[in-house]
Amino acid sequence: MGLQNKKTVYAAVVGVLALMGGIVYYASLDNAGLDQVEIRLTNVELMDVNTVNNQAKFEVTFLIKNPSDKTLTVSLIDYQLYGDGVLLGSGLYSTTDIALPGRALFYTGSEIPLKNTFVLSKSELNSESYEKAINEKIVSFSAEGRITTQTSWSEADKDFKTGY
């Protein structure tokens, strides 16, 4: 009787491990779709200049496209913003504190603009670049960084470089 109980326990453990392996395999099927996401910097617009604190606020707009057949969300865009090839600073778009069902859904073929506020401080770079930025004399903007996309089962990071 004792030997049969041990076999039952071992069979249950093997069954649970096989089930866990199946779940991991099923979740990995989404990774190919998550890697297809496209991100493009479309606009950087000066919103406000605070002369007391020597800070300027810009609205940075990324256009996200989902060419895959998986519905996904964007949880994080971590980027470095450049103006005329000069590093202006780092920015972060994050929805990690919002539950997955509350985020913007990117269905197959959809394109959604995501906007983020970027704060530029004069102390972080030379004053010539700051003056060009607040006087809207920067000709081209570019961004590079990492975008994190998610489905209900999986998450993937993708490096990007974009500009206009």
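Look up a bit, the structure's there.
Note that the structure is predicted; figures quoted are calculated from it, not measured.

Q: If you had to explain the overall build of the protein chain to someone new, which residues and values would you point to?
A: When its secondary structure is counted, the protein chain shows 3 helices and 7 strands. What you see in the protein chain, going N to C, is helices and strands ordered as α-α-β-β-β-β-β-α-β-β. Taking 15 Å as the expected radius of gyration for a compact globule of 164 residues, we find that the protein chain reaches 23 Å, considerably beyond that expectation. Per-residue burial over the protein chain gives 34% buried out of 164 residues. Partitioning the intrachain contacts of the protein chain with sequence separation of at least 6 by distance along the chain shows that 66% fall at a separation of at least 24. A total accessible area of about 9800 Å² is found for the protein chain, and carbon and sulfur atoms account for 54% of it. Taking the average place of the 14 positive charges on the side chains of the protein chain and the average place of its 19 negative ones, the gap between the two points comes to 7 Å.

Q: Account for the pattern of salt bridges, with residues named and values stated.
A: Going through the model one piece at a time under the given rule, you end up with 5 salt bridges. Here Glu144 ties to Lys161 by a salt bridge, and the two come within 3.7 Å at their closest N and O atoms. Placement of Glu144 in strand S6 (residues 141–150) and of Lys161 in strand S7 (residues 155–163) is noted, with a sequence separation of 17 residues between them. For Glu144, a relative accessible area of 30% gives the class partly exposed.

Q: So what's going on with the sheet that holds strand S5 (residues 111–121)? Residues and values would help.
A: Read across the sheet, 3 strands follow the order S1-S2-S5 without closing on themselves; strand pairing throughout is antiparallel. If you trace the sheet from one side to the other, it starts and ends with strand S1 (38–50) and S5, each paired once. Neighbour-to-neighbour, the strand axes of this sheet turn through a mean angle of 20 degrees, independent of strand direction. Where S1 meets strand S2 (residues 55–65), 11 bridges bridge the pair, whose relative direction is antiparallel. From the neighbouring strand, Glu45 faces S2, where its bridge partner is Glu59. Sheet strands touched by helix H3 (residues 127–134): S1, S2 and S5. Its angle to S1, the strand with the most contacts, is close to 95 degrees.

Q: How would you sum up the sheet that holds S7? Please name residues and give values.
A: In spatial order, the strands read S4-S3-S6-S7; together these 4 strands make up an open sheet with antiparallel pairing. The open sheet is flanked by strand S4 (86–94) and S7, the only strands paired with a single partner. The sheet shows a mean angle of 15 degrees between the axes of neighbouring strands, taken without regard to direction. Bridge count for strand S3 (residues 73–83) against S4 is 8 bridges, and the pairing is antiparallel. The residue bridging Leu76 from the neighbouring strand is Ser94, located in S4.

Q: Talk me through the side chain of Arg103; I want residue IDs and the actual numbers.
A: Of note, Arg103 is situated in the loop between S4 and S5. Look at Arg103: it is buried, it has no salt bridge, and the nearest opposite charge is Glu155 at 6.7 Å. In this structure the side chain of Arg103 is engaged in a polar contact, spanning 3.0 Å, whose partner is the backbone oxygen of Ile98. Not counting residues up to four positions away in its chain, the partners in contact with Arg103 are Thr73, Val74, Ser75, Thr95, Thr96, Ile98 and Gln150.

Q: Describe a nonpolar patch on the surface, listing the residues and the values that go with them.
A: On the surface, Val9, Tyr10, Val13, Val16, Leu17 and Met20 cluster together into a nonpolar patch covering about 610 Å² of accessible area. Inspection of the secondary structure puts Leu17 in helix H1 (residues 2–28). Using a relative accessible area of 54% as the deciding quantity, one classes Leu17 as exposed.

Q: Can you tell me about the packing of aromatic side chains, naming the residues and giving the values?
A: In the structure shown here, the tally under the stated rule is 4 aromatic pairs. Ring centres of Phe62 and Tyr79 lie 5.1 Å apart, and the angle between their planes is 70 degrees; on these two criteria the pair is classed as edge-to-face. Here Phe62, found in strand S2, pairs with Tyr79, found in strand S3; they are 17 residues apart in sequence, far enough to count as distant. As far as the burial class goes, Phe62 and Tyr79 line up, both buried.

Q: Break down the environment of Phe141 for me, citing the residues and quoting the values.
A: Of note, Phe141 is situated in strand S6. Note on Phe141: relative accessible area 9%, which makes it buried. Counting along the chain gives 23 residues from Phe141 to Tyr164, while the straight-line C-alpha distance between them is 5.7 Å.

What counts and how
- Residues numbered from 1 in each chain as written.
- Predicted model: local features only at pLDDT ≥ 70, side-chain atom pairs only at ≥ 80, totals over all residues.
- Heavy atoms only, no water.
- Helix = DSSP H or I, 4+ residues; strand = E, 2+ residues; numbered from the N terminus.
- Rg over C-alpha atoms; globule rule 2.2 N^0.38 Å.
- Buried < 20%, exposed > 50% of the residue type's maximum accessible area, 1.4 Å probe, protein only.
- Contact = heavy atoms within 4.5 Å.
- Areas by Shrake-Rupley, 256 points an atom, 1.4 Å probe, with all protein chains shown as cover.
- Lys, Arg positive; Asp, Glu negative; His and termini not counted.
- Charge placed at Lys NZ, Arg CZ, Asp CG, Glu CD.
- Salt bridge = Lys/Arg side-chain N within 4 Å of Asp/Glu carboxyl O.
- Pairing = 2+ DSSP bridges.
- Axes fitted to C-alpha atoms, helices over the stretch in contact; angles between N-to-C directions.
- Polar contact = N/O pair within 3.5 Å; in protein donor to acceptor, adjacent residues only side chain to side chain.
- Patch = residues over 30% accessible without salt bridge, like charges linked within 9 Å, V, L, I, M, F, W, Y side chains within 5 Å.
- Phe/Tyr/Trp six-rings, centres within 6.5 Å; stacked < 30°, edge-to-face > 60°.

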